[in-house]
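# What the coordinates show
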Amino acid sequence: MWRVSWNHLRPNGDGVGNKTDPGAVALYMPDETSESFDDFKNSFAYGSRNDLSFKFLKRLDGSEAAEFLSLVLSEVGELFDGAPPDRLIDLAYQWQVNAYQPKPGEKRPFTYDDKPFTPLGQELADITLGLVTSSGHFVADEDPAPFGVENMTQGEAIERIDDFLRATPELTAIPHDTPAASLRVRHPGYDIGSVSRDPGVAFPHTLLAEAAHEGLIGGLSDEFYSFVGACAQGRIRREAPGWVERWKAARIEGLLLVPV
């Protein structure tokens, strides 16, 4: 593979180049810093270019990733001419959804014969509703300190993704009337930018409060709950029955589940 250097050099007779032509390009043979396209696309998933919004690129083969990037660049060009940005957002979203679909012959992970849903049996306006998310939210002065690390940053959490995936999830209680400014979020499995700006993206506590005020919901549990969904799936199944007993003791009659 050749590496292209856009440094205004023109190759001379010995292939080294000089600065006499500002529009020329110099070509160099690869060295240890060269990178294949597969390395490039995979680097967005906990690699040198880590971007959890685009870690799905690792699920694509080379031709698929090239097609996606070509379409993205095409849409960026359309933005210059006034195209709505929603088109670009929808493009990235749809490719993300498609990338995580099992490929032909690939075993679908984490499927179960039973389902967690039980018919409510009552009107929503007559029950006490709780909220459970896998978004990794917590109250600012009540950091759950994963692995005993106080004030772990998002970057540090991402670096320890493998530790999280082996860990027992910890259920964090959050008073339902906690101001948005007092909420914090940390999660190694997704880009927390949107939920940091607007917690309602994954922890819709203010929307539920509004619905309760309007009488659409009978009442809200005193506490809502969150945990880091990037965890050991076997362990979460063992922890869940204890969580359910905790919710029953709190007289919660229904739960809004928000996975991320």
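The preceding data block contains the structure.
An account of the accompanying structure is given in this report. These numbers were taken from a predicted model, which means no experiment stands behind them. (Residues numbered from 1 in each chain as written. Predicted model: local features only at pLDDT ≥ 70, side-chain atom pairs only at ≥ 80, totals over all residues. Heavy atoms only, no water.)

## A few points about the overall build of the protein chain
A count of helices and strands for the protein chain gives eight helices and nine strands. Counting over 260 residues, the protein chain shows a buried share of 33%. Looking at the protein chain alone, contacts between residues at least 24 apart form 70% of all its contacts between residues at least 6 apart. Accessible surface computed for the protein chain: about 16,300 Å², of which carbon and sulfur atoms make up 54%. (Helix = DSSP H or I, 4+ residues; strand = E, 2+ residues; numbered from the N terminus. Buried < 20%, exposed > 50% of the residue type's maximum accessible area, 1.4 Å probe, protein only. Contact = heavy atoms within 4.5 Å. Areas by Shrake-Rupley, 256 points an atom, 1.4 Å probe, with all protein chains shown as cover.)

## Describing the pattern of salt bridges
Close approach of charged atoms allows side chains with opposite charge to pair. The full count for this structure, using the stated rule, is eight salt bridges. Between R49 and E35 there is a salt bridge, and its shortest N-O distance comes to 2.9 Å. Of this pair, R49 sits in the loop between α1 (37–42) and α2 (62–80) while E35 sits in the loop between β2 (26–28) and α1; the two residues are 14 residues apart in sequence, bridging distant segments of the chain. Given the relative accessible area of 31%, E35 is considered partly exposed. Note that R166 and D163 form a salt bridge whose closest N and O atoms lie 2.9 Å from each other. Here R166 pairs with D163, and both are found in helix α5 (residues 161–166), just three residues apart, close to one helical turn. Judged by its relative accessible area of 52%, R166 falls in the exposed class. In the salt-bridge network here, residues are joined through shared partners; they are R160, D163 and R166. (Salt bridge = Lys/Arg side-chain N within 4 Å of Asp/Glu carboxyl O.)

## Focus on helix α3 (residues 86–99)
Two residues of an α-helix separated by three or four positions point the same way, owing to the 3.6 residues in each turn. With 14 residues, α3 extends 20 Å between its outermost C-alpha atoms, agreeing within 8% with the 20 Å of an ideal straight helix rising 1.5 Å per residue. Turning to α3, its buried residues number three or more, namely L91, A92, W95 and A99. One side of α3 carries all its buried residues, which in axial view fall inside an arc of 90 degrees. Facing away from the buried side of α3 by more than 90 degrees, the exposed set consists of I89 and Y93. Among the structural elements, α2 are those in contact with the buried residues of α3. (Expected span 1.5 Å × (residues − 1). Arc of directions from axis to C-beta.)

## Structural notes on the packing of aromatic side chains
Aromatic ring pairs: the centre-centre distance and the angle between the two ring planes describe each pair. Tallied over the entire structure, the rule returns eleven aromatic pairs. Aromatic side chains F68 and W95 sit 5.5 Å apart centroid to centroid with 50 degrees between the ring planes, which places their arrangement in the tilted category. Here F68 is found in helix α2, whereas its partner W95 is found in helix α3, with 27 residues between them in sequence. Of the two residues examined, F68 and W95, each falls in the buried class. Note on W243 and W247: the rings are 6.3 Å apart at their centroids and 55 degrees apart in plane angle, and the pair reads as tilted. (Phe/Tyr/Trp six-rings, centres within 6.5 Å; stacked < 30°, edge-to-face > 60°.)

## Quick look at the environment of I252
Inspection of the secondary structure puts I252 in the loop between α8 (233–249) and β9 (254–258). We classify I252 as buried; its relative accessible area is 12%.

## Observations regarding the side chain of S43
Following the sequence through the fold, S43 ends up in the loop between α1 and α2. A relative accessible area of 5% means that S43 is categorised as buried. There is a polar contact of 3.0 Å between the side chain of S43 and the side chain of R49. When residues no more than four places from it in sequence are discounted, the contact partners of S43 are S48, R49 and N50. (Polar contact = N/O pair within 3.5 Å; in protein donor to acceptor, adjacent residues only side chain to side chain.)

## Section: the pairing of strand β3 (residues 128–133)
In terms of residue burial, β3 counts as a mostly covered element, since five of its six residues are buried. Bridging between β3 and strand β7 (residues 219–220) involves two bridges; their strand directions are parallel. Looking at the pairing, T128 lines up with G219 of β7. Pairing between β3 and β9: five bridges, direction parallel. (Pairing = 2+ DSSP bridges.)

## Comments concerning unusual backbone geometry
Positive phi, normally seen in glycine, also occurs at A145, with a value near 50 degrees. Even without being a glycine, N151 presents a positive backbone phi close to 55 degrees. The residue N151 is located in the loop between β4 (137–139) and α4 (154–159) in this model. Owing to a relative accessible area of 62%, N151 belongs among the exposed residues under this scheme.

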